[in-house]
Protein chains: 2
Amino acid sequence: MRKNNSFAVLGDICYAVAADDLKTVPHAYAVCENGLCAGVFKALPDRFSDIEVIDMSGRLITPGFADLHLHAPQYSYRGTGMDLELLEWLDSITFPEEARYADPEYAQKAYGLFVDDLRRSPTTRASVFATVHTDATLVLMNMLKSSGMGAYVGKVNMDRNSPDVYRETTEESVKETCRWLKACETAGFLADDSIVRPIITPRFVPSCTDELMRELGKIVEKDKLPVQSHLSENISEVEWVKQLEPEAKGYADAYDRYGLFGTESQTVMAHCIYLRDDEIDLMSQRGVFAAHSPQSNMNLRSGIAPMRKLLEKGVKCGLASDLAGGSSINMFKAVTDAIQVSKLYWRLTDETKAPLSFTESFYLATKGGGSFFGNVGSFEEGYEFDLLAIDDGMAKTSLEFEIEQRLERTMYLGHAGFIKAKFVAGRRIL
Amino acid sequence: MRKNNSFAVLGDICYAVAADDLKTVPHAYAVCENGLCAGVFKALPDRFSDIEVIDMSGRLITPGFADLHLHAPQYSYRGTGMDLELLEWLDSITFPEEARYADPEYAQKAYGLFVDDLRRSPTTRASVFATVHTDATLVLMNMLKSSGMGAYVGKVNMDRNSPDVYRETTEESVKETCRWLKACETAGFLADDSIVRPIITPRFVPSCTDELMRELGKIVEKDKLPVQSHLSENISEVEWVKQLEPEAKGYADAYDRYGLFGTESQTVMAHCIYLRDDEIDLMSQRGVFAAHSPQSNMNLRSGIAPMRKLLEKGVKCGLASDLAGGSSINMFKAVTDAIQVSKLYWRLTDETKAPLSFTESFYLATKGGGSFFGNVGSFEEGYEFDLLAIDDGMAKTSLEFEIEQRLERTMYLGHAGFIKAKFVAGRRIL
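All figures in this text were calculated on a predicted structure; none of them were measured in a lab.

1. Structural notes on the interface of chain B and chain A
Here is step 1 of the chain: Contacts between the two partners involve 52 residues from chain B and, on the opposite side, 52 residues from chain A.
Here is step 2 of the chain: Where chain B abuts chain A, roughly 4,400 Å² becomes buried across the two surfaces, and 57% of that area is made up of carbon and sulfur atoms.
Here is step 3 of the chain: At the junction of chain B with chain A, the criterion picks out two salt bridges.
Here is step 4 of the chain: Summed over the shared surface of chain B and chain A, the number is 26 residue pairs in polar contact (both at pLDDT 80 or more).
Here is step 5 of the chain: Elements that contribute at least two residues to the side of chain B that touches chain A include exactly helix H2 (104–120), helix H9 (294–299), helix H11 (331–348) and helix H13 (403–413) of chain B.
Here is step 6 of the chain: For the side of chain B that touches chain A, the leading source of residues is H11(B), giving eight residues.
Here is step 7 of the chain: Across the side of chain B that touches chain A, the residue classes tally to 22 nonpolar, 17 polar and 13 charged.

What follows is the structure in structure tokens.
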């Protein structure tokens, strides 16, 4: 980003600064200065009076969306095999397909489609699982960098309970992780201003031996790297973890005892459906993010995460597609899926837990999840300039709406085709 | 439809003949003869050897979809106000907007947008609520006829518990219903071959006095008209019906005692969430259709209909958007919504009730709901020729799939833009 590289986007601006605070400013300027937001103004201040104005009058202007959990290699088969539950789905569909990424040529082709669609989607930042393959993971990272997307990307670690064609030995897993991180350093992915970065990615407890977890914990501590994994997604899975790790105090502790559960290192855990209260408290204390993946949790029959409870207990939360447990990378849909399942949770499970409001869910998908990546997901001063210009008029209507209603109907009706411009950290990528 | 008007559509054909029986025929011909399907053939039989072939090679060919319940005047505000529950949503948003259709000019404009989008959607047949206004309802019916869509359309009846600006007296309601039916006759909507037809539409029990219900029952009996209404959508609503109709044996009986619940007349009831077992049995005995509206039931916090139970008890079932309780008229989405909520029902409410399989839900959205309109929703011989040609390649992937998987991913990922051709009763409308 050049110094003094300033411009403004003019349109109908809305953004959430808190879960209960949606700001809407009709026909206003969102100003970008050196990749950061300099604020939202009804009229341009003098110091910006001669900057370029990108005129998106009449468009809805929102921050970019953060997808806190998705599996890039699963993009190829999204929307298939949905009659299966988690563990059988992993064995019969997921692992065989992920194994194909041993071939960098296949990775190039398949990741190319994924990255191109992600670039066109509402997402500006994503926390991404790749596969166990170091080279294919670097292919993906380079593609994301070229596309201009912001992402944390993980080479996956798995050394047990996986098919022969798709498993590493403990030694290989550690060695390849080190080789990958070295390559990341060479390629600039560890530089302060890189918005594509490595993240340590033990697949989930059933896939990783204690020894591997211990080694990954050491790497995380040494290199101050972020961590992503899965936590308490499915009842059978939780039972399995109990059997596999009888000495751990629970699923959360199976990560925590190896330093893979927050505090020093930014950590995000997908799902968080069947947590005990003390595990929720631990997430809160450790600053571990919960990546709520409602669409996936329906598709794989997992259940509904207790979002109100997590929020009340102070857990940091964001939304996720969990592609390809979730079929769609459209984060607009994640906003409405989260609201819808929270309403069913309220009706079917616990009527003391109020459903997510529209503003809350929009907040989770922008500033809530965005904060995993730094100051991301809002137009407050100093936030990274991630911005979408949306043609909500594509959903035709005979009525005139206020900005808040236009935003709501965009979440219920919109898709990638609605997005007419997209900026990530001040760079226009669409 | 001209006599001997025959043609074929060539493509990758799939259709459900039963809830557990999906037929897939790659690169085959679906033949139309005088508006009806003459069958699906790998090679054209001699008698069809010289008919026109519409080449959709590589496209997915499916029957049209049936939307068993939607409110046309609510299209304007779809996707807004979703933080509200049913009864407050009716009062604050629905009734004020529906009242505007007293103005036929507004109706022309608003229904124009609705009908145009419905024509582009997967739906070929719909059971539609209009408003209380006779003239606006005729506007809608004429537009649907011009578009080529198949539909049952109802002038709504409501003479109590409605705001002053949007209520009829009992006498007006009956008189206007008769005027509307007379106009329908004049316009040809009662002719045997009309695919746009009137349907008697008491809004729901809370909106209709016993006297009005009685009069509507007489009209239904005399003119052998179909009936549509709402049934057991929401816990507060069910309680309210109990208070309003203490002499009825229940919500279903509040219709049945006036001859508005099947047997002689084709009847469809939306929602059917909180039914007693004897009410489900009554639906089954009377041949009353359940219009399952999963998206709406989430949005309005209603709950999840016990679809497995309804199917096991032999109730005829189909799927519905319930626009604008549901935000989208995309029936592909209704297929996946129905699967997703059935998985949550299984997980959260009753693990003895297996979730809907993909084939079951696709069947419900095509032949299941289609049978409300006659022989509709399949490519069996003699079925009305309702057909979609779908470019499922718009959801890009690095993999090759079988037809069944292509169909599944179309339901999870597809929208109106995927539809490249559409036929209703043998007429191409897109």
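Next comes the rest of the write-up.
2. Quick word on the sheet that holds strand E3 (residues 36–41) of chain A
Residue and element names in this part refer to chain A.
Here is step 1 of the chain: Spatial ordering of the open sheet is given by E3-E2-E1-E4-E15-E16-E17, a layout of seven strands whose pairing is mixed. Taken across any chain shown, the strands that pair with only one partner, and hence form the sheet edges, are E3 and strand E17 (427–428).
Here is step 2 of the chain: The pairing of strand E1 (residues 6–18) with strand E2 (residues 21–33) spans eleven bridges and is classified as antiparallel. Considered in E2, the bridge of Ala18 is made with Asp21.
Here is step 3 of the chain: Across the face of the sheet, helix H13 (residues 403–413) comes into contact with E1, E2, strand E4 (52–63) and strand E15 (387–390) while running at roughly 70° to E4.

3. A short note on the packing of aromatic side chains
Here is step 1 of the chain: Per the counting criterion, the structure on display carries 36 aromatic pairs over all chains.
Here is step 2 of the chain: An angle of 65° between the planes, with centres 5.5 Å apart, marks the rings of A:Tyr15 and A:Phe379 as edge-to-face. Here A:Tyr15, found in strand E1, pairs with A:Phe379, found in the loop between helix H12 (358–370) and E15; they are 364 residues apart in sequence, far enough to count as distant. Accessibility classification places A:Tyr15 together with A:Phe379 in one group, the buried group.
Here is step 3 of the chain: Ring plane angle 55° and centroid distance 5.0 Å describe the contact between B:Tyr152 and B:Phe373, whose orientation is recorded as tilted. Here B:Tyr152, found in strand E7 (residues 150–154), pairs with B:Phe373, found in the loop between helix H12 (358–370) and strand E15 (387–390); they are 221 residues apart in sequence, far enough to count as distant. As far as the burial class goes, B:Tyr152 and B:Phe373 line up, both buried.
Here is step 4 of the chain: Above the face of the B:Trp346 ring, A:Arg301 is positioned so that its terminal group lies 5.4 Å from the ring centre.

4. Considering the packing of helix H11 (residues 331–348) of chain A against H13(A)
Residues and elements named next belong to chain A.
Here is step 1 of the chain: As a packed pair, H11 and H13 sit with axes 7 Å apart at the nearest point and diverge in direction by 90°. Comparing their axes, H13 and H11 come out roughly perpendicular. Contacts between H11 and H13 involve Phe332, Lys333, Val335, Thr336, Ile339, Gln340 and Lys343 on the former and, on the latter, Thr410, Met411 and Tyr412.
Here is step 2 of the chain: A per-class count over the contact of H11 with H13 returns five nonpolar, three polar and two charged.

5. Some points on the domain arrangement of chain A
Residues and elements named next belong to chain A.
Here is step 1 of the chain: Looking at chain A, the domain boundaries give domain 1 (7–63 + 378–428) and domain 2 (65–373).
Here is step 2 of the chain: Summed over both sides, the interface between domain 1 and domain 2 buries roughly 2,300 Å², with carbon and sulfur atoms accounting for 64% of that surface.
Here is step 3 of the chain: At the junction of domain 1 and domain 2, the tally comes to three salt bridges.
Here is step 4 of the chain: A salt bridge links Asp386 to Arg125, with the shortest nitrogen-to-oxygen separation between them at 2.7 Å.
Here is step 5 of the chain: Counting only elements with at least two residues in the side of domain 1 that touches domain 2, the list comes to E1, E2, E4, E15, H13 and strand E16 (419–424).
Here is step 6 of the chain: Split by residue class, the side of domain 1 that touches domain 2 holds 19 nonpolar, five polar and nine charged.

6. Details of the relation of the copies chain B and chain A
Here is step 1 of the chain: If you rotate chain B by 180° and push it 0.0 Å along the axis, it lands on chain A with an RMSD of 0.0 Å. What the superposition gives is, in effect, a two-fold axis relating one chain to the other. Of every C-alpha in chain B, the one belonging to B:Leu348 sits nearest the axis of rotation, 3.5 Å from it.
Here is step 2 of the chain: A shared binding surface is used by both copies, with 100% of the interface residues of chain B retained as interface residues in chain A.

7. Some details on the side chain of A:Ser327
All names here are of chain A.
Here is step 1 of the chain: Turning to its location among the elements, Ser327 is positioned in the loop between strand E14 (316–319) and H11.
Here is step 2 of the chain: Under the relative-accessibility criterion, Ser327 is labelled buried at 1%.
Here is step 3 of the chain: Polar side-chain contacts of Ser327 include one of 3.4 Å to the side chain of Asn299.

8. Things to note about the pattern of salt bridges
Once the charged atoms of two side chains with opposite charge are near each other, the side chains can pair.
Residue and element names in this part refer to chain A.
Here is step 1 of the chain: Tallied over the full model, the rule gives 64 salt bridges over all chains.
Here is step 2 of the chain: We note a salt bridge from Glu33 to Arg47, for which the minimum N-O separation is 3.7 Å. In this pair, Glu33 is assigned in strand E2 and Arg47 in the loop between E3 and E4, connecting sequence segments 14 residues apart.
Here is step 3 of the chain: By relative accessible area, Glu33 is classed as partly exposed at 26%.
Here is step 4 of the chain: Taking the relative accessible area as the measure of exposure, Arg47 reaches 54% and is therefore exposed.
Here is step 5 of the chain: As a salt-bridge pair, Arg120 and Asp116 come within 3.2 Å of each other at their nearest N and O atoms. Of this pair, Arg120 and Asp116 both sit in helix H2 (residues 104–120), four residues apart, which is roughly one turn of the helix.
Here is step 6 of the chain: Look at Asp116 and you get partly exposed, because its relative accessible area is 26%.

Definitions and limits used
- Residues numbered from 1 in each chain as written.
- Chains lettered and ligands numbered in written order.
- Predicted model: local features only at pLDDT ≥ 70, side-chain atom pairs only at ≥ 80, totals over all residues.
- Heavy atoms only, no water.
- Contact = heavy atoms within 4.5 Å.
- Buried area = accessible area lost by both parts, 1.4 Å probe.
- Salt bridge = Lys/Arg side-chain N within 4 Å of Asp/Glu carboxyl O.
- Polar contact = N/O pair within 3.5 Å; in protein donor to acceptor, adjacent residues only side chain to side chain.
- Helix = DSSP H or I, 4+ residues; strand = E, 2+ residues; numbered from the N terminus.
- Nonpolar A, V, L, I, M, F, W, Y, C, P; charged D, E, K, R; others polar.
- Pairing = 2+ DSSP bridges.
- Axes fitted to C-alpha atoms, helices over the stretch in contact; angles between N-to-C directions.
- Phe/Tyr/Trp six-rings, centres within 6.5 Å; stacked < 30°, edge-to-face > 60°.
- Buried < 20%, exposed > 50% of the residue type's maximum accessible area, 1.4 Å probe, protein only.
- Lys NZ or Arg CZ within 6 Å of the ring centre and 35° of its normal.
- Parallel < 35°, antiparallel > 145°, perpendicular 65-115°, else oblique.
- Domains from an automatic or database assignment.
- Least-squares fit on C-alpha atoms with pLDDT ≥ 70 in both.

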